[in-house]
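Fold and contact review
Residues per chain, in single letters:
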Amino acid sequence: MQFDYAICGTRNADVGLPAGLKILREGGSALDAVEESIKLIENNPYDITVGFNGFPNLLGTVELDASIMDGKTRQAGSIAAVRNFRHPISIARKVMEISPHVMLVGEGAEKFARALGFIEEDIIDELGIKNYHNIIEGKSLEMPQEAQTLVRELFMRFDDHLKEVMEKYAVKDWYRKLSFDKHGTTNVIALDKHNNLAVGVSTSGLAMKFPGRVGDSPLFGAGIYCSETVGAACTGTGELAIRLSTARLVVDRYERKLPLDESTRSGITDLMKIKEEGVLHILSMNNKGDCSAFTNKDGIFHFYADSNMEEPVKRLSNYINLKKK
Ligand code: ASP
């Protein structure tokens, strides 16, 4: 089916997609629709996985990652581990449009944002701080006592005794368990009336991540990719999408003439190659406005709207049970 324009986004995108849809309806660009939708999601204080009030890292600081990519030109911009700015997606777009680079991280990205007049502010309020303490104190973790001790030790002894803590506990295993639910991201993909596709991603990453940890979201090829014919983006355990180059592979397979659903599905079945626990959700959309979503976790949904629709509708993503033999 061919649509004039279309937009889709992850389960937290409902607060942003109507604005993106309006931009597309009025003939605006896919890039503008993506950026505007994501800014509204970043502003949502109740979404503790993106922008304002995103999950802090282990030491209590919110570090944000974001990226944006244009399909026709394959221009791309991203930032990672950026503190104190509410709209990482807009900084990423500036990296794409006016810097000679594709990706800026940490202090350098913050300097760049400051120089362009982005306002620095506190991006965590009492709700976010409470969330952080609940994790540190083990209240929001349905996990054995050992895991709670570990998070406290990591937090208290990160600087001086990190090596010792990592030797003493199975830190990797613990993070793998944590990564089942304490995280999230937003993905938005838009197709405009001029048949341009764009993809954007924004996140605070994995809760209680090590300071400086970068996930898949700002990495082109891993958590985001867009060509002239199709865009793809991921949410879930970022380390998995990085190791598998998920978004790029989904795009590549579609370009090699695999149907959209098959291409997207293959990003999930690739997980079998590394036999590691974690969740992965993939959203894709082609330049006809068809959208596809696959996940290895039951009950995940996304939002979609095209030029025949008044507003975005909720759709269940296709669940692949990788544990089933
Ligand atoms: N993919 C994100 C990251 O690893 C987190 C998420 O989507 O849940 O940073």
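In what follows, the accompanying structure is described. On a predicted model such as this, the values are computed, not experimentally measured, just so you know.

Time to look at helix α10 (residues 246-255). Every buried residue of α10 is listed here: Thr246, Ala247, Val250, Val251, Arg253 and Tyr254. Seen from one end, α10 has its buried residues packed into an arc of 165°, which puts them on one side. Tucked into the core, α10 has its buried residues touching β7 (224-226), β8 (230-236), α9 (238-244), α11 (260-269) and β9 (280-286). The positive-phi residue at the C-terminal boundary of α10 is lysine 257, with phi of around 80°.

Take the pattern of salt bridges next. Under the counting rule described, the total for this entry stands at 16 salt bridges. In this structure, the salt-bridge partner of arginine 93 is aspartate 32, at a minimum N-O distance of 2.7 Å. Of the two residues, arginine 93 sits in helix α3 (residues 88-98) while aspartate 32 sits in helix α2 (residues 30-43), which places them 61 residues apart along the sequence. In this structure, glutamate 255 engages arginine 74 in a salt bridge whose closest nitrogen and oxygen atoms are separated by 3.8 Å. Of this pair, glutamate 255 sits in helix α10 while arginine 74 sits in the loop between β2 (64-70) and β3 (76-82), and the two are 181 residues apart along the sequence. Judged by its relative accessible area of 29%, glutamate 255 is partly exposed. Members of the salt-bridge network, linked through shared partners, are Asp32, Glu35, Arg93 and Glu97.

Take the sheet that holds strand β13 (residues 318-319) next. Sheet strands pair via backbone hydrogen bonds, and the direction of the pair is either parallel or antiparallel. Spatial ordering of the open sheet is given by β7-β8-β9-β10-β13, a layout of five strands whose pairing is mixed. Unpaired on one side and paired on the other, β7 and β13 mark the two borders of the sheet. Direction of pairing for β8 relative to β9: antiparallel, over a ladder of seven bridges. Each residue of the ladder has a partner; that of glycine 231, found in β9, is methionine 285. The sheet strands contacting α10 are β7, β8 and β9, and the helix crosses β8 at an angle near 150°. Sheet strands touched by α11: β8, β9 and β10 (291-295). Its angle to β10, the strand with the most contacts, is close to 25°.

Before going further, it helps to spend a moment on the pairing of strand β6 (residues 197-203). A large share of β6 lies buried, amounting to seven of its seven residues. Of the two faces of β6, both are covered, the one formed by Leu197, Val199, Val201 and Thr203 as well as the one formed by Ala198, Gly200 and Ser202. When β2 meets β6, the two strands line up antiparallel, connected through six bridges. Each residue of the ladder has a partner; that of aspartate 65, found in β6, is threonine 203. Counted between consecutive antiparallel strands, the loop separating strand β5 (residues 185-191) from β6 contains five residues, among which asparagine 195 sits at a positive phi close to 65°.

Right, let's get into the site of the ligand. Around the ligand, the surrounding shell consists of His183, Gly184, Thr185, Gly205, Leu206, Arg213, Gly215, Asp216, Ser217, Thr235, Gly236 and Gly238. Between the ligand and glycine 184, the relevant distance is 2.9 Å, taken from an oxygen atom to a main-chain nitrogen or oxygen of the residue. In the model, an oxygen atom of the ligand is placed 2.7 Å from a nitrogen or oxygen of the arginine 213 side chain. Contact with the protein chains covers 99% of the free accessible surface of the ligand, which is 260 Å². For the shell around the ligand, the per-class residue count stands at one nonpolar, nine polar and two charged.

This paragraph deals with the packing of aromatic side chains. Evaluation of the coordinates by the stated rule reveals three aromatic pairs. Note on phenylalanine 301 and phenylalanine 303: the rings are 5.8 Å apart at their centroids and 85° apart in plane angle, and the pair reads as edge-to-face. By relative accessible area, which is 10% here, phenylalanine 303 ends up buried. A cation over a ring is seen here: lysine 314 above phenylalanine 301, with NZ or CZ 4.1 Å from the ring centre.

If you trace the backbone, glutamate 63 turns up in the loop between α2 and β2. Lysine 209 provides the closest opposite charge to the buried, unpaired glutamate 63, separated from it by 4.7 Å. Among residues more than four places away in sequence, those in contact with glutamate 63 are Asn57, Ala81, Val82, Arg83, Thr203, Ser204, Lys209, Phe210, Pro211, Gly212 and Arg213.

Core analysis: the biggest nonpolar cluster contains 60 residues, and Ile7, Val188, Met285 and Tyr304 have the highest contact counts within it. At six residues, α2 tops the list of elements feeding residues into this core. Setting aside anything within four residues of it in sequence, one finds tyrosine 304 in contact with Phe3, Ala6, Ile7, Cys8, Met285, Gly289, Cys291, Met309, Glu311, Pro312, Val313 and Arg315. Judged by nonpolar contacts, the second largest core, of 18 residues, contains Tyr132, Leu162, Trp174 and Ala207.

Let us now look at helix α5 (residues 126-136). Listed as buried for α5 are Gly128, Tyr132, Ile135 and Ile136. The buried residues of α5 occupy an angular sector of 100° when the element is viewed end-on, so they sit on one face. Seen from the buried face of α5, the exposed residues on the opposite side, beyond 90 degrees, are Glu126 and Lys130. Its side-chain oxygen at 3.0 Å from the backbone nitrogen of leucine 127, aspartate 125 defines the N-terminal cap of α5.

About the criteria used
Residues numbered from 1 in each chain as written. Predicted model: local features only at pLDDT ≥ 70, side-chain atom pairs only at ≥ 80, totals over all residues. Heavy atoms only, no water. Buried < 20%, exposed > 50% of the residue type's maximum accessible area, 1.4 Å probe, protein only. Helix = DSSP H or I, 4+ residues; strand = E, 2+ residues; numbered from the N terminus. Arc of directions from axis to C-beta. Contact = heavy atoms within 4.5 Å. Salt bridge = Lys/Arg side-chain N within 4 Å of Asp/Glu carboxyl O. Pairing = 2+ DSSP bridges. Axes fitted to C-alpha atoms, helices over the stretch in contact; angles between N-to-C directions. Near = heavy atom within 4 Å. Polar contact = N/O pair within 3.5 Å; in protein donor to acceptor, adjacent residues only side chain to side chain. Areas by Shrake-Rupley, 256 points an atom, 1.4 Å probe, with all protein chains shown as cover. Nonpolar A, V, L, I, M, F, W, Y, C, P; charged D, E, K, R; others polar. Phe/Tyr/Trp six-rings, centres within 6.5 Å; stacked < 30°, edge-to-face > 60°. Lys NZ or Arg CZ within 6 Å of the ring centre and 35° of its normal. Lys, Arg positive; Asp, Glu negative; His and termini not counted. Core = buried A, V, L, I, M, F, W, Y, C linked by side-chain atoms within 4.5 Å.

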